[in-house]
Amino acid sequence: MTMLAGKCALVTGSVQGIGLEIARALAQEGAAIAVHGLADADQAKAACAELVAAGAPDARYFDHDLSDPEAAGALVRDALAWREIDILVNNAGIQQTAPIKDMPLETFQRILTINLTAAFATMQAALPAMAARGYGRVINIASVHGLVASANKAPYVASKFGLVGMSRVAALEYAAAGSRESGGVTVNCICPGWTETAIIEPQILERAALHGGDRAAGVADLLSEKQPSRRTSVAAEIGALALWLCNPIAHNLTGVAIPVDGGWTAQ
Ligand code: NAD
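Keep in mind that this is a model prediction, so the values were computed, not measured.

What counts and what doesn't
- Residues numbered from 1 in each chain as written.
- Predicted model: local features only at pLDDT ≥ 70, side-chain atom pairs only at ≥ 80, totals over all residues.
- Heavy atoms only, no water.
- 1 Å grid on protein atoms, 1.4 Å probe; cavity = no way out; pocket = protein on both sides within 12 Å on 5 of 7 lines; lining within 4 Å.
- Points joined across faces, edges and corners; volume = space filled by probe spheres on them.
- Helix = DSSP H or I, 4+ residues; strand = E, 2+ residues; numbered from the N terminus.
- Nonpolar A, V, L, I, M, F, W, Y, C, P; charged D, E, K, R; others polar.
- Near = heavy atom within 4 Å.
- Polar contact = N/O pair within 3.5 Å; in protein donor to acceptor, adjacent residues only side chain to side chain.
- Sits in = over half its atoms within 2 Å of the grid points.
- Core = buried A, V, L, I, M, F, W, Y, C linked by side-chain atoms within 4.5 Å.
- Buried < 20%, exposed > 50% of the residue type's maximum accessible area, 1.4 Å probe, protein only.
- Contact = heavy atoms within 4.5 Å.

**Points about empty space enclosed by the protein**
Under the definition given, this model contains two cavities of 30 Å³ or more. The computed volume of the largest cavity comes to approximately 50 Å³. Lining the largest cavity are Thr12, Leu66, Asn90, Asn91, Ala92, Ile114, Asn115, Ala118, Ala119 and Thr122. Here the lining of the largest cavity gets five residues from one element, more than from any other, and that element is helix α4 (residues 105-133). Its residues placed into classes, the lining of the largest cavity shows five nonpolar, five polar and no charged. Here the second largest cavity defines a volume of roughly 30 Å³.

So this is what it looks like as structure tokens:
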């Protein structure tokens, strides 16, 4: 019997990157997946097919654009009309870098809406039913930038610190739900450091340009600055941790923010 047989996970931003690898890890343990993100029809279809091939009994794509503050609640309601949601992964996120003096207010607000407000709305819509069933997992994909700052990332850092704090509040509000046997309801953050996905590509290219366009040198340069392991993570490693958090054995692990950052935040 696979660990997540009969369960369903909504993973925002799961058409690619970290979200897709989290969805794959959950699918491999038998969870049905509500797939979500900005994608054309081919990418959405391919993600669903990959997840079914990995072991999901079913996968359905939802296309809500989270830059609309009303969309996140609607996403959960539409997913709930399909299946109960046992696991909610708030993973969709964007990043744009600029010093505060040059950061447009509109960009600040857009990043906050997608990275933070959407997670509030999905938790609000999904947590009560999890509590009623005695099992639920919310895994919010924050960042090392939910724990420490870097220059030129004011909206991103604000959104991720907000996500870490808000997750603690949700963890407290639902800590007593369920039991050891049912698995309880937990709310936690995963805080990745540099992880190889599309979101960091602009920063890699910017750094590579300082080394005559040498991409590997650009990556090495970024890592040497902040990530002591000098290794990037790959998205599947974040997926493996997310899966572990879904195990009923983790019923008492709630309200934490777990760095996967090669020692970045240990400094
Ligand atoms: P990515 O760019 O590959 O994925 C981002 C996902 O968010 C995509 O699936 C995209 O469709 C979705 N998304 C973006 N804007 C959206 C919108 N308006 N509406 C709906 N969906 C939207 O990058 P990733 O690295 O896989 O990012 C996933 C999460 O991990 C993000 O929250 C990011 O902040 C976080 N993170 C990434 C790193 C890293 O180094 N890659 C480090 C720390 C945290």
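**Side note on the layout of surface pockets**
Put simply, the largest pocket is a space of about 820 Å³. Forming the boundary of the largest pocket are 40 residues, of which Asn91, Ala92, Gly93, Ile94 and Ile199 lie nearest the centre. Counting residues per element, the ones that place at least two in the lining of the largest pocket are α1 (17-28), α4 and α5 (154-174). Among the elements that make up the lining of the largest pocket, the one with the highest residue count is α1 (three residues).

**What to know about the site of the ligand**
Taken together, 30 residues form the shell around the ligand, and within it Gln16, Ile18, Asn91, Tyr156 and Thr197 come nearest. In this structure, an oxygen atom belonging to the ligand sits 2.6 Å away from a side-chain N or O atom of tyrosine 156. Applying the majority rule of atoms within 2 Å of the grid points places the ligand in the largest pocket. Sorting the residues of the shell around the ligand by element identifies α1 and α5 as the ones contributing at least two each.

**Re the nonpolar core**
Leu10, Met123, Leu127 and Met130 are the most contacted members of the largest nonpolar core, which has 38 residues in total. Sorting the residues of this core by element identifies β1 (8-11), β2 (32-36), α3 (71-82), α4, α5 and β6 (184-192) as the ones contributing at least two each. Broken down by element, the residue count for this core peaks at nine residues, all from α4. Apart from the residues within four sequence positions on either side, leucine 10 is in contact with Ala34, His36, Leu75, Val76, Ala79, Ile85, Ile87, Leu88 and Val89. Among the nonpolar cores identified, the runner-up in size contains 32 residues, and Ile18, Ala25, Ile33 and Cys48 belong to it.

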